[in-house]
Amino acid sequence: QVQLVESGGGLVQAGGSLRLSCTVSGIIFNINDMSWYRQGPGKQRELVAAISRRANTNYADSVKGRFTISRNNAENTVYLQMNSLKPEDTAVYYCRSESVSGIVYWGEGTLVTVSS
């Protein structure tokens with residue numbers, strides 16, 4: 001059974017930081033590309049950051065310089081360090097895995113609320 005379990009969300013003031021974690025089981029983690037998406041109130045789900053199985057990264061323009069994605073293959077975990085948070089970062093953040101054959105799994109999400 002494949003599970004992606006996010007944690008680390010919560011309420012933070014603007015300018016603060018949070019670190020999200022996504023721990024994965026049931027797949028061979030180190031051959032999957034991992035990413036974080038978010039869905040804000042009344043908005044479509046959007047890509048925030050991605051890290052390939054070779055640890056190449058890319059970011060949405062809106063978070064470049066503030067967020068950092070990383071992975072620990074020994075712990076089957078992907079992280080999203082979020083600094084200088086803004087109210088517009090408020091969203092449910094989802095972890096996503098994609099295998100080389102295109103099989104995708106999603107976590108259930110963790111809520112991040114940034115107060116002004």
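Residues numbered from 1 in each chain as written. Predicted model: local features only at pLDDT ≥ 70, side-chain atom pairs only at ≥ 80, totals over all residues. Heavy atoms only, no water.

Grouped together as the largest cluster of nonpolar side chains are 26 residues, with contacts concentrated most on Trp-36, Val-78, Leu-80, Met-82 and Tyr-93. Ranked by residues supplied to this core, first place goes to strand β3 (residues 18-25) with four residues. (Core = buried A, V, L, I, M, F, W, Y, C linked by side-chain atoms within 4.5 Å. Buried < 20%, exposed > 50% of the residue type's maximum accessible area, 1.4 Å probe, protein only. Helix = DSSP H or I, 4+ residues; strand = E, 2+ residues; numbered from the N terminus.)

A separate point is the pattern of salt bridges. Side chains carrying opposite charge are able to pair once their charged atoms draw close together. Evaluation of the coordinates by the stated rule reveals six salt bridges. For Arg-53, the salt bridge goes to Asp-33, with nearest N and O atoms at 3.5 Å. On the criterion of sequence distance, the pair formed by Arg-53 in the loop between β5 (46-51) and β6 (57-59) and Asp-33 in strand β4 (residues 33-39) is long-range, its members being 20 residues apart. Judged by its relative accessible area of 31%, Arg-53 is partly exposed. With relative accessibility at 27%, the residue Asp-33 sits in the partly exposed group. A salt bridge links Lys-64 to Asp-61, with the shortest nitrogen-to-oxygen separation between them at 3.1 Å. Overall, the relative accessible area of 64% leaves Asp-61 in the exposed class. Here the residues in one salt-bridge network are Arg-38, Glu-46, Arg-66 and Asp-89, joined through shared partners. (Salt bridge = Lys/Arg side-chain N within 4 Å of Asp/Glu carboxyl O.)

Let us look at the state of the cysteines. Overall, the coordinates contain one disulfide when judged by the stated rule. Two residues share a disulfide in this structure: Cys-22 and Cys-95, whose sulfurs sit 2.1 Å from each other. With the S-S bond torsion at -85°, the cross-link from Cys-22 to Cys-95 turns out left-handed. Remark: Cys-95 occurs in strand β9 (residues 91-98) and Cys-22 occurs in strand β3; sequence separation between them is 73 residues. (Disulfide = S-S within 2.5 Å.)

Everything listed here is a matter of coordinates, which is why it stays silent on function.
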